[in-house]
Amino acid sequence: MKYDVIIIGGGIIGTSIARALGRYQLSVAVLEKENDVAMGATKANSAIVHGGYAESHAKLKGRLCYKGRKQFDQLENELHFGFEKIGSLVLAFEEAQIPKLQALYENGLANGLDDLCIIDHDAVMAMEPAVNPEVKAALYCKGAGVCSPYEMAIAMAENAVANGAELFLETGVKDVVPRPEGGFNVMTEDGRSFTGDYVMNAAGVASGAVSAMVGVDDFTISPRSGEYLLLARGTGSLVNNVLFQMPTKMGKGILVSPTYHGNLIIGPDAVDDGCVDKATHPDRLLKIFNEARLTTDQLDITKFIRSFTGVRAVSSTDDFIVEETKVPGFINCAGIQSPGVTSSPAIAEMAVTLLEDAGLKLVPDPGYNPNRQPIIQKKALLPFKEIKDRIDIPSAPDKIICRCEQVTEATIVDAMSRGIPVTTIDGVKRRTRAGMGFCQGTFCRPRVAAVMEQVLGHPVDPSFDVEHSGVNRVGRNAIVEAVQAALAEKE
Ligand SMILES: Cc1cc2nc3c(=O)[nH]c(=O)nc-3n(C[C@H](O)[C@H](O)[C@H](O)COP(=O)(O)OP(=O)(O)OC[C@H]3O[C@@H](n4cnc5c(N)ncnc54)[C@H](O)[C@@H]3O)c2cc1C
């Protein structure tokens, strides 16, 4: 199999590059080791479209963040993955922190931002009545927002495939060998071989290892985990903006934010584990919850539905590495930690320019279509009495499969018919939200499996994702009880 460009990794970076290459007459393959796109950091992060004031202009991540953020309106219009500008606040709870706000403000100006200002206590309280009234001031970024990052990567991948890219799932790359005549042989774990003129390394936390396959090992990537608590749909209305505390040297600190779909997200912490560990831990979650209470004491732990962990790909250069390497035609998009989702449109642009500079001919494809229809749209839930007669009925397009999120059979069938194999219940969940409600799929998992069986024509194991994830997550009761006990002790 011979391609102009082979992209290794189907996270937001790999899929954004594949989509950006879709406007040219090129053969493009995306090789992804997992059974779906967006299975790495792109699946588990804060989902913030960052302002672009936090990273220094001296760093690539400082220069690319706002450049990426500015493209989100257009991308959302074309791809419908879920993006809303809700604004963000960095909260200072001590007078001594105000100069730090000023430094962030000035850094934002250096990065080109024009929608930043520092606001005082009264202005913060008027915007955010639930915030701790000890707040002294805040840095307000009007154009920051929230998005659904895995839906974004899915949308990118669907659009790339619609424009001719080929996506190979369950295709882990084992080795990349430069060919004497130019180009590369890319070998997979299951013994297949792909040939590409150019290789784009977008393998996230594995990008250091993939780079080392061609002998480029002048940097390392270390995993740094961050755990989160997610509260039920509707709880996001507690706050209006993304609420950050002051950044630390490990990251942007604990945030409290509505998600695009109206949940409340709390986290992340930052721990250098030395390995990719997606488990969650009661002590870490408890600490995160307690720290978040500095932002607001109105967090209701009884609304907890899920904990999860995201793993940052921290590079030894402390920056994004987006460059053609000393091996001609092999391009690294490595060490893309936060704000990687926000920067992804700008990283994809840069990657295309690097390919062109390396000799790839970019001939526009007159058939290119930038648009992709939404699978779901944000909507208020209907009263139960209006859906109850559509729950226990035989198969029908408007049958309600997931009660909590009111997902219909037709939506699941649509999600599975867009050029990307959707073979797991989690894959359906990320596309449709079936299983993301308060019961976390207890009710709908077998029902989703039944719809999948109709589409796929073979049996689907409803417990596959749970049993094969290998992830040990703190359960609801454990964290609710731990928080309640800690709060009782304080009183
Ligand atoms: C805790 C946390 C919070 C964050 N918050 C934000 C935020 O609010 N806003 C923001 O803009 N950014 C945020 N980020 C950063 C953002 O999530 C990442 O920068 C982005 O998702 C990185 O995308 P990626 O495509 O490089 O990596 P990934 O999404 O990890 O994708 C890499 C892909 O490569 C695949 N792969 C690996 N090895 C191989 C191989 N050998 N062969 C084939 N495929 C392979 C993996 O399976 C994976 O799918 C956060 C990150 C974390 C972890």
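Residues numbered from 1 in each chain as written. Predicted model: local features only at pLDDT ≥ 70, side-chain atom pairs only at ≥ 80, totals over all residues.

**A closer look at the site of the ligand**
Here comes step 1: Lining the immediate environment of the ligand, one finds 40 residues, of which Gly9, Gly11, Gly40, Gly204 and Gly340 sit closest.
Here comes step 2: Put simply, the parts of the chain that give the shell around the ligand at least two residues each are α1 (12–21), β18 (304–315) and α9 (340–357).
Here comes step 3: Its residues assigned to classes, the shell around the ligand shows 19 nonpolar, 17 polar and 4 charged.
Here comes step 4: Residue-level mapping places the shell around the ligand at the junction of two domains, with at least three residues from each of domain 1 (1–85 + 144–220 + 316–374) and domain 2 (86–143 + 222–315). (Near = placed C-beta within 6 Å. Helix = DSSP H or I, 4+ residues; strand = E, 2+ residues; numbered from the N terminus. Nonpolar A, V, L, I, M, F, W, Y, C, P; charged D, E, K, R; others polar. Domains from an automatic or database assignment.)

**What about the pairing of strand β15 (residues 255–258)?**
As a general feature of sheets, a regular strand has side chains that alternate between the two faces.
Here comes step 1: Burial of the side chains of β15 extends over both faces: Leu255 and Ser257 are buried on one face and Val256 and Pro258 on the other.
Here comes step 2: Relative to β15, strand β14 (residues 242–244) is paired through 2 bridges, and the arrangement is antiparallel. For Leu243, the partnering residue across the bridge sits in β15 and is Val256.
Here comes step 3: In terms of strand pairing, β15 meets strand β16 (residues 264–267) through 4 bridges, oriented antiparallel. Among the inter-strand pairings, Val256 is bridged to a residue of β16, identified as Ile266.
Here comes step 4: From the end of β15 to the start of β16, which pair antiparallel, there are 5 residues, and Gly262 there has a positive phi angle of about 90°. (Buried ≥ 20, exposed ≤ 12 C-beta atoms within 10 Å, placed from the backbone. Pairing = 2+ DSSP bridges.)

**Digging into the sheet that holds strand β3 (residues 48–49)**
Here comes step 1: The 3 strands lie next to each other as β3-β8-β4, forming an open sheet whose pairing is antiparallel. Only two strands of the sheet have a single neighbouring strand rather than two, namely β3 and β4 (83–85).

**Describing the domain arrangement of the chain**
Here comes step 1: Per the domain assignment, the segments making up the chain are domain 1 (1–85 + 144–220 + 316–374), domain 2 (86–143 + 222–315) and domain 3 (384–460).
Here comes step 2: Taking only C-alpha atoms, the centre of domain 1 and the centre of domain 3 are 30 Å apart.
Here comes step 3: Domain 1 puts 12 residues into the contact, and the matching count from domain 3 is 9 residues.
Here comes step 4: At 6 residues, the largest contribution of residues to the side of domain 1 that touches domain 3 is made by helix α6 (residues 149–162).
Here comes step 5: The residue inventory of the side of domain 1 that touches domain 3, partitioned by class, reads 9 nonpolar, 1 polar and 2 charged. (Contact = placed C-beta atoms within 7 Å.)

**So, the pairing of strand β5 (residues 88–92)**
Here comes step 1: The buried fraction of β5 amounts to 5 of the 5 residues, a majority that puts the element mostly inside the structure.
Here comes step 2: Burial along β5 is two-sided: Ser88, Val90 and Ala92 and Leu89 and Leu91, pointing in opposite directions, are all buried.
Here comes step 3: Pairing geometry for β5 and strand β7 (residues 137–141), over 5 bridges, is antiparallel. Bridge pairing in β7 links Leu91 to Ala138.
Here comes step 4: Sheet topology note: the β5/β14 ladder contains 3 bridges and is parallel. By the bridge assignment for β14, Val90 is matched with Phe244.

**Some points on the nonpolar core**
Here comes step 1: Core analysis: the largest hydrophobic core is formed by 148 residues, its most contacted members being Ile7, Met200 and Ile347.
Here comes step 2: Element by element, the count of residues in this core is highest for α6, at 9 residues.
Here comes step 3: Excluding anything up to four places from it in sequence, Ile347 contacts Ile13, Ser16, Leu64, Phe320, Val322, Cys333 and Ile336. (Core = buried A, V, L, I, M, F, W, Y, C linked by C-beta atoms within 7 Å.)

**With respect to the packing of helix α2 (residues 60–69) against α9**
Here comes step 1: Across the interface, α2 lies against α9 with an axial gap of 7 Å and an inter-helix angle of 90°. If you check the angle between α2 and α9, you find them roughly perpendicular. Across from Lys61, Leu64, Cys65, Lys67, Gly68 and Arg69 in α2, the residues of α9 making contact are Thr342, Ser343, Ser344, Pro345, Ala346 and Ile347.
Here comes step 2: Classifying every residue of the contact of α2 with α9 by side-chain character gives 5 nonpolar, 4 polar and 3 charged. (Axes fitted to C-alpha atoms, helices over the stretch in contact; angles between N-to-C directions. Parallel < 35°, antiparallel > 145°, perpendicular 65-115°, else oblique.)

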